[in-house]
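Summary of structural features
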Amino acid sequence: MIHTAAAPLATSDRKVDRLLAHYEESHRNPTNELIHYIAIPAIMLSIVGLLFAIHPWVAYVFVAASLVYYALLRAPAFLVTMLVLTALALALVHAMGSLVLPVSAAIFVVAWIFQFVGHKIEGKKPSFFEDLQYLWVGPLFVLSKLFLKMGIRW
């Protein structure tokens, strides 16, 4: 199904669609959405980088567990895209070399500041305050908006 205004996410019985519909409730302001389009990928990259700085295997376990979560949502377009983005994130983290910790920490702090500014503008608290799984739904929200613009089914 291609999700459009005529076929809102909330009418679907798929878990991924319900999660995205709930997430979207606190992400309707265009400025907040724009901030999320940039900050969410930055935060995910920084988390992988911070975990990599602890030990590479910590990052690998995190991304593997994240991919299992995405696989369990049974949304192939999201899973394939997240596989590609995970590989890209790992490549970027490796490219940071010895700067992985300071660069990742800086990205993490700046991106979260922007996220909270966006939610202040929105007037609603971040979804993950209700349920931590929304930290993994955020990247899917960004992808869902991109997919809609491109006419890709998820």
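Residues numbered from 1 in each chain as written. Predicted model: local features only at pLDDT ≥ 70, side-chain atom pairs only at ≥ 80, totals over all residues. Heavy atoms only, no water.

**Looking at unusual backbone geometry**
- The phi dihedral of Arg-74 falls on the positive side, at around 55 degrees, and the residue is not glycine.
- Of note, Arg-74 is situated in the loop between α3 (56-72) and α4 (76-96). (Helix = DSSP H or I, 4+ residues; strand = E, 2+ residues; numbered from the N terminus.)

**Overview of α4**
- For α4, which comprises 21 residues, the first-to-last C-alpha distance of 30 Å matches the rise-based estimate of 30 Å (1.5 Å per residue) to within 8%.
- For α4, the complete set of buried residues consists of Ala-77, Phe-78, Thr-81, Met-82, Thr-86, Ala-89, Leu-90, Val-93 and Met-96.
- The secondary structure elements touched by the buried residues of α4 are α1 (15-25), α2 (30-54), α3, α5 (100-122) and α6 (134-150).
- Once α4 ends, the next one or two residues include Gly-97, with phi positive near 55 degrees. (Expected span 1.5 Å × (residues − 1). Buried < 20%, exposed > 50% of the residue type's maximum accessible area, 1.4 Å probe, protein only. Contact = heavy atoms within 4.5 Å.)

**Focus on the side chain of Lys-145**
- Among the structural elements, Lys-145 can be located in helix α6.
- Not counting chain neighbours up to four residues away, the residues in contact with Lys-145 comprise Glu-24, Glu-33 and Tyr-37.

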